[in-house]
Amino acid sequence: QVQLVESGGGLVQAGASLRLSCAASGRTISSYDMGWFRQAPGKERMFVATITRSGYTYYADSVKGRFVISRDNAKNTVYLQMNSLKSEDTAIYYCAAGIFTSSRRGPRKDSYDYWGQGTQVTVSS
């Protein structure tokens, strides 16, 4: 079992930056592929970014060039650096852990077995 706890959310103005953290416990994240998703009010949970065990990263088109996902296996933590925030980035952000296979890929929610409780990010325009 892996427990995931997100932090770093908050209320910021458009154009600002935030860094989200996802601290894992129970097992080391070096054994897992990690991802960030977000869910805006009234909408489904959507893929944001993923980083594999080998360090390969992949982003949703909507955040490419603005967000950066990274991992520190020694600290058992995954990060999401969010720059040039827009009002449409407002959502609850969730961290997730899974093991990818040929049929379980980064952007799919069902590729992940463990989820955090989420952290709220609100961007005012």
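Residues numbered from 1 in each chain as written. Predicted model: local features only at pLDDT ≥ 70, side-chain atom pairs only at ≥ 80, totals over all residues. Heavy atoms only, no water.

A. A look at the pairing of strand β3 (residues 18-25). Of the pairings in the sheet, the one linking strand β1 (residues 3-7) to β3 comprises 5 bridges and is antiparallel in character. Residue L4 lies in a different strand from β3, and its bridge partner there is A24. Pairing between β3 and strand β8 (residues 77-82): 6 bridges, direction antiparallel. Residue pairing in the sheet places S21 in a bridge with Y79 of β8. (Pairing = 2+ DSSP bridges. Helix = DSSP H or I, 4+ residues; strand = E, 2+ residues; numbered from the N terminus.)

B. Main features of the side chain of T52. Residue position: T52 is located in the loop between β5 (46-51) and β6 (57-59). Of the residues examined, T52 reaches a relative accessible area of 14% and is grouped as buried. Not counting chain neighbours up to four residues away, the residues in contact with T52 comprise D33, R71 and F100. (Buried < 20%, exposed > 50% of the residue type's maximum accessible area, 1.4 Å probe, protein only. Contact = heavy atoms within 4.5 Å.)

C. Layout of the sheet that holds β8. Strand order in the open sheet made by the 4 strands is β1-β3-β8-β7, with antiparallel pairing throughout. For this open sheet the edge positions go to β1 and β7 (67-72), each flanked by a neighbour on one side alone. This sheet shows a mean twist of 15° between the axes of neighbouring strands, independent of strand direction. (Axes fitted to C-alpha atoms, helices over the stretch in contact; angles between N-to-C directions.)

D. Summary view of the side chain of R38. Tracing the backbone through its elements, the reader meets R38 in strand β4 (residues 33-39). At 3.5 Å, the side chain of R38 forms a polar contact with the side chain of S62. Side-chain polar atoms of R38 contact the side chain of D89, separated by 2.9 Å. Excluding residues that lie within four positions of it along the chain, R38 makes contacts with E44, R45, M46, V48, S62, V63, F67, E88, D89, A91, I92 and Y93. (Polar contact = N/O pair within 3.5 Å; in protein donor to acceptor, adjacent residues only side chain to side chain.)

E. Just the state of the cysteines, in detail. Counting across every chain of the model gives 1 disulfide. Covalently, C22 is tied to C95 through a disulfide, its sulfur atoms 2.1 Å apart. Here C22 and C95 share a disulfide; its torsion about the S-S bond, -80°, makes the bridge left-handed. Linking C22 in strand β3 with C95 in strand β9 (residues 91-98), this pair joins segments that are 73 residues apart in sequence. When its relative accessible area of 0% is taken as the criterion, C95 is described as buried. (Disulfide = S-S within 2.5 Å.)

F. Structural view of unusual backbone geometry. Its identity as a non-glycine residue notwithstanding, N76 has a phi of 55°, on the positive side. Residue position: N76 is located in the loop between β7 and β8.

G. Seen up close, the pairing of β8. Extensive coverage of β8 is indicated by the burial of 5 of its 6 residues. Sheet analysis places β7 next to β8, joined by 6 bridges and oriented antiparallel. Following the sheet pairing, I69 is matched in β8 by L80. Taking the residues between adjacent antiparallel strands as the criterion, β7 and β8 are bridged by 4 residues, where N76 takes a positive phi near 55°.

H. Expanded view of the nonpolar core. Membership of the largest hydrophobic core comes to 35 residues, with the highest contact counts inside it found for L4, M34, W36, L80, M82 and Y93. Among the elements of the structure, β3, β4, β5, β7, β8, β9 and β11 (119-124) are those that each provide at least two residues to this core. Broken down by element, this core gets its largest block of residues, 5 residues, from β9. (Core = buried A, V, L, I, M, F, W, Y, C linked by side-chain atoms within 4.5 Å.)

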